[in-house]
Amino acid sequence: MDTMDTLDTACFVAWFEEAARLVRRDRDRLTELDAAIGDADHGTNLDRGLTEVIKALAESPPDTPVQVLTSAGATLIRRVGGASGPLYGSVFRQMGKALRAPVTLAGFSAAFEEGVVALERLGKAALGDKTMVDALAPASRALALAVRDGVGVREAFEQAARAAAEGAQATIPLQARKGRASYLGERSIGHEDPGAASAALFMAALATVAV
Amino acid sequence: MDTMDTLDTACFVAWFEEAARLVRRDRDRLTELDAAIGDADHGTNLDRGLTEVIKALAESPPDTPVQVLTSAGATLIRRVGGASGPLYGSVFRQMGKALRAPVTLAGFSAAFEEGVVALERLGKAALGDKTMVDALAPASRALALAVRDGVGVREAFEQAARAAAEGAQATIPLQARKGRASYLGERSIGHEDPGAASAALFMAALATVAV
Amino acid sequence: MKKLINTADSVVEDALNGMAAAHPSLRIRDQVVYRAEGPRPGKVGLVSGGGSGHEPLHAGFVGYGMLDAACPGEIFTSPVPDQIIDATKAVDGGAGVLHIVKNYTGDVLNFEMAAELVEDVEVASVLVDDDVAVQDSLYTAGRRGTGATLFVEKIAGALAEEGAPLGEVARVAGEVDERSRSFGIALTSCTTPHAGKPTFDLPETDVELGIGIHGEPGRRRAPMVSARELAGIAMEAIHGDMPLHGDLLVMVNGMGGTPLMELYVVFAEVAAFVKGKGARVSRSLVGNYVTSLDMQGFSVTICLLDDALTRLWDAPVETPGLRWGR
Amino acid sequence: MKKLINTADSVVEDALNGMAAAHPSLRIRDQVVYRAEGPRPGKVGLVSGGGSGHEPLHAGFVGYGMLDAACPGEIFTSPVPDQIIDATKAVDGGAGVLHIVKNYTGDVLNFEMAAELVEDVEVASVLVDDDVAVQDSLYTAGRRGTGATLFVEKIAGALAEEGAPLGEVARVAGEVDERSRSFGIALTSCTTPHAGKPTFDLPETDVELGIGIHGEPGRRRAPMVSARELAGIAMEAIHGDMPLHGDLLVMVNGMGGTPLMELYVVFAEVAAFVKGKGARVSRSLVGNYVTSLDMQGFSVTICLLDDALTRLWDAPVETPGLRWGR
Ligand SMILES: Nc1ncnc2c1ncn2[C@@H]1O[C@H](COP(=O)(O)OP(=O)(O)O)[C@@H](O)[C@H]1O
Ligand SMILES: Nc1ncnc2c1ncn2[C@@H]1O[C@H](COP(=O)(O)OP(=O)(O)O)[C@@H](O)[C@H]1O
Ligand SMILES: [Mg+2]
Ligand SMILES: [Mg+2]
Ligand SMILES: [Mg+2]
Ligand SMILES: [Mg+2]
């Protein structure tokens, strides 16, 4: 049992730095996923947003994990636009609101779950609607299970990343019921949801920052 | 010497019927020539015009060669538009004005020359400007030479057709000075003039009607 | 892909600079387009916005008798709350502000967030959802807002100009949406500057039926047919959802890359269809109004007019994209 | 090639039917587009025309303050004398008729023939030849008429509406042409319905500089560059031919397939260029006005204004394609 590890501010900054790097790397893939069942802007949107997040974190260096999340959430809301801006922004803003210092894995997990609940409420989306929820909700569940099982941070985050990746893959056969892809009706089947794919990147980034 | 052959109304009708057939057959080629140095409508224009010429000749059957030419000239002017409509129309209208019955080869040649002169005057184009003049003027000259040499109608018309075809080919290296192709400046070099090409078809048609 | 742009990142800003240079009647600040003369005391302010790439919608409809401000987002990306908050505060003349929102998740969320955050301004909101190609269901995002947005902006704008109160302007705006239906067909995909290649592939033989305005694929692919048949498909879809009768406002809208000549060919067929149903083309618009970058194709939008709506439609309007009566 | 047409042969007629259905202000007879109300006694009549495929030019400019009649030919093919004769006779209100003719061999010949054949109507004629891409020489067909045609039609139309006599209307029309210059750039070729494939091939890396409006290739091919550089090329060509100074009327015109957003990007660059030369954008137009079917690209047309021309430009106009002041 090593859930006594705490996550400091640098970890949270590193999380967004790594997420920004992965999204930049996969920008075109995300945009192509969005082209198939949406409007071909998801990679550009998120890349723009995370670039601004990193800039804002560099300009006013945060003192606490809460400040990292609050800053990132606000920046995403203020700079991304589209559906994913307010949705991702709300995840991190709400997570920041719920987070307590010092940040244990249990605390992280609980706050993350609140972020996901805020997302579901705002987007009125449930698991299986073929949205970013399909990656984030399983990730949150994996974190909770890891806490229950007393798994270490690194492994917990890796399990969350795996769950998110699997959740993103699992959107492929689904018919979209929310967001732009829902306009396609049955034609949305057979494509990975771009928001779920980017959510998987967020969780993959998380897995790299656990010490 | 067999220049005593006379050309009757049927010959003139056959001339336009054969011209219509050849232009229909080569419509796309003419349009492609026009695409290269013009606006991609010459084949369509002339095909539309000659179809109307044939229709008009069928609706009010002409009694004389003059009537054939007058009808064809008027129809081309009234139905083609563009540059080639008034220009071809004027050739035949003027030729009709100049023609005397019965139509000998010499009479045909003289009237044709008047048609070409009318064309040159209307279009302000001279030999070498890369227009239909470059096919029609040599054709007229070939007819005149045939008359001078006492050549038979069939051979005279064949010589005219050859001269027109050569004239059309000779437009390829020229830089256009008249018509739409002149806008291209040096880029008009290396392409056959579409109007010269269609003029060669008119003369080729003539060669088939000589009995 | 060749585009008349400087860089993909600067295209929205560069285009707005062009708008500002071309139209002294507009003033542009922090990526919001305003009427240069500012708010009129006592007049309800009208704010709309959405992703860029649909020009003249929305920025081209800012001016007398129509919008007070437009918030252009990045290409195909709804604006952010900051823009909407700025716009809402700036155009309030004390009578409140109407948000005209196309029904897309992103637009709805960003306008909602903004409305929550604006203080001291009474905000009402109307959702435009006219696209019959999309199934309307409680379990989906609902119908998209497309061509009817122009109708709502024009008619609500005229009413606001007359001094009607916010509730009334919002009510009539909603009424216009309810009485309007659209259907769109694409011959080609558009290409966003960032993606640099067509959003979807469409062979020479096919069209996309039931497209929206974000360059997204449609509901179904079908063989390319004549303008008459394509117009028939669009009109049957509209008529099937809202039987046509009485006086109609009819827009045949180009998606951006289609020549006006072809839109008129389509309009002739649409008019014939309308006549065949015993209805009447009372007012019409033919042109590029609610576009999707360089997409080739068209949409038809129809509104069932009544005398009041007709009068408001005819009222003077003076914007870069729509102008009459002054 | 996919086009919103029924057949290539019927496209002009079908589009005119659409225009008639969309615009009760127009009346169409024997392929001539008239103002529905007919000629006004004592007013000089304005007739223009040319090949179809340039819409809204010319038919879209028939109406109050602009043309009395437009004669649309087949696609890219000048109208025939019969149309022009009909139009000239029909619009004469006793004060004579001005023919506004773009300088193309076909247009010139057909209008000349018509003018000769019209009896009992005083006819004057103005030749529009504004395209600086074409070398002006005694030994060629001279410069093409392109964007300035709209300026001539608008300003001459305003003057005729005021009751000016034929000589005066013709003189000012000529003056507008003399004070106007254009330059066009194509990113893609257009496709005529009959040919069914692009008139010329243009690789992804290249543009055509100095194109006209018939989809003909330009003067020279060059590598594709930014909107700023392309605008610079067009503006240098214009400025080199007619140094810019004072108040300018500036049109950034789309060739038919280019989105409005990109035209605004170009306009921003054009405005910056104008400013750099110490001149001023006094009036402007941005949009699809003088098009070439589905071609992507733009042209810039600039007219050196004076007070009289500015006043006439600002005068009310009410046509499908251009409308303000009523
Ligand atoms: N109602 C919703 N709830 C949760 N996620 C959503 C919802 N609508 C859209 N999304 C997510 O947003 C993604 C699209 O983001 P993006 O392309 O940036 O915005 P837009 O759809 O406005 O262009 C979708 O792939 C989906 O995962
Ligand atoms: N001034 C002229 N004199 C003689 N022939 C001309 C002249 N201008 C054009 N032509 C001929 O007309 C042909 C083009 O005809 P067409 O394509 O039908 O008309 P347009 O050029 O109006 O599209 C040219 O190839 C040329 O042979
Ligand atoms: Mg998207
Ligand atoms: Mg031609
Ligand atoms: Mg989007
Ligand atoms: Mg032509």
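In this text the structure is predicted, and so the values were computed from the model without any measurement.

Help me get a handle on helix α7 (residues 260-276) of chain D, residues and values and all.
All names here are of chain D. In a regular helix each residue adds 1.5 Å, so 17 residues correspond to 24 Å; α7 covers 24 Å between its end C-alpha atoms and thus fits that length. When you tally the buried positions in α7, you get 14 out of 17 residues, the bulk of the element. Looking one or two residues past α7, Gly 278 carries a phi angle of roughly 80 degrees, positive in sign.

So, the UniProt feature "domain: DhaK" (unreviewed entry) in chain C: which residues are in play, and what are the values?
Residues given the UniProt feature "domain: DhaK" (unreviewed entry) here are residues 7-324 of chain C. End C-alpha to end C-alpha, residues 7-324 of chain C measures 35 Å, and it is 32% helix and 25% strand.

Could you give an account of the sheet that holds strand β7 (residues 180-186) of chain C, naming the residues involved and the relevant values?
All names here are of chain C. The strand order across the open sheet built from 6 strands is β9-β8-β7-β12-β10-β11, with neighbouring strands paired in mixed fashion. Across the chains shown, the open sheet's two edge strands, defined by having one partner strand only, are β9 (220-223) and β11 (280-287). Here the average twist between neighbouring strands, direction ignored, is 20 degrees. Taken together, the 7 bridges between β7 and strand β12 (residues 297-304) define a ladder with antiparallel strand orientation. Bridge pairing in β12 places Ala 186 opposite Gly 297. Packed onto the sheet, helix α6 (residues 227-241) meets β7, β8 (206-209) and β12 and runs at close to 150 degrees relative to β7.

Can you explain the coordination of the magnesium ion (ligand 4)? Please cite residues and give values.
Residue and element names in this part refer to chain B. Within the protein, Asp 34 (OD), Asp 39 (OD) and Asp 41 (OD) serve as the donor atoms for the magnesium ion (ligand 4), at 2.0 to 2.2 Å. Written as a sequence motif, the donor residues of the magnesium ion (ligand 4) are D-x4-D-x1-D. Here the magnesium ion (ligand 4) and the magnesium ion (ligand 6) are spaced 3.4 Å apart, and both take Asp 39 as a donor. Overall, the relative accessible area of 2% leaves Asp 39 in the buried class.

With reference to specific residues and values, describe the sheet that holds strand β10 (residues 247-254) of chain D.
Residues and elements named next belong to chain D. Read from one edge of the open sheet, 6 strands run β9-β8-β7-β12-β10-β11, paired in mixed fashion. Looking at which strands have only one partner, the edges of the open sheet turn out to be β9 (220-223) and β11 (280-287). With direction set aside, neighbouring strand axes in the sheet form an average angle of 20 degrees. Where β10 meets β11, 7 bridges bridge the pair, whose relative direction is parallel. Residue pairing across strands places Leu 248 opposite Val 281, the latter belonging to β11. Sitting on the sheet, helix α8 (residues 307-314) touches β10, β11 and β12 (297-304), and the angle it makes with β11 is about 30 degrees.

Talk me through the interface of chain B and chain D; I want residue IDs and the actual numbers.
Facing the 32 residues of chain B at the interface are 35 residues of chain D. For the pair chain B and chain D, the two sides together bury roughly 2,600 Å², of which 56% comes from carbon and sulfur. Ranking the residues of chain B by area buried against chain D places Arg180(B), Tyr183(B) and Arg187(B) at the top, with a combined share of 27%. Linking chain B with chain D are 3 salt bridges, by the criterion used here. Close ionic contact of Arg78(B) with Asp82(D) constitutes a salt bridge, the shortest N to O distance being 2.5 Å. Joining chain B to chain D, the criterion identifies 12 residue pairs in polar contact (both at pLDDT 80 or more). Taken together, the elements giving at least two residues each to the side of chain B that touches chain D come down to α2 (27-37), α3 (42-59), α4 (65-79) and α5 (84-98) of chain B. Of the residues that constitute the side of chain B that touches chain D, the class distribution is 11 nonpolar, 10 polar and 11 charged.

Procedures and definitions
Residues numbered from 1 in each chain as written. Chains lettered and ligands numbered in written order. Predicted model: local features only at pLDDT ≥ 70, side-chain atom pairs only at ≥ 80, totals over all residues. Heavy atoms only, no water. Helix = DSSP H or I, 4+ residues; strand = E, 2+ residues; numbered from the N terminus. Expected span 1.5 Å × (residues − 1). Buried < 20%, exposed > 50% of the residue type's maximum accessible area, 1.4 Å probe, protein only. UniProt positions renumbered as here; feature names shortened; annotations may be inferred. Pairing = 2+ DSSP bridges. Axes fitted to C-alpha atoms, helices over the stretch in contact; angles between N-to-C directions. Contact = heavy atoms within 4.5 Å. Donors = N, O, S within 2.8 Å, 3.2 Å for Na, K, Ca; no water. Buried area = accessible area lost by both parts, 1.4 Å probe. Salt bridge = Lys/Arg side-chain N within 4 Å of Asp/Glu carboxyl O. Polar contact = N/O pair within 3.5 Å; in protein donor to acceptor, adjacent residues only side chain to side chain. Nonpolar A, V, L, I, M, F, W, Y, C, P; charged D, E, K, R; others polar.

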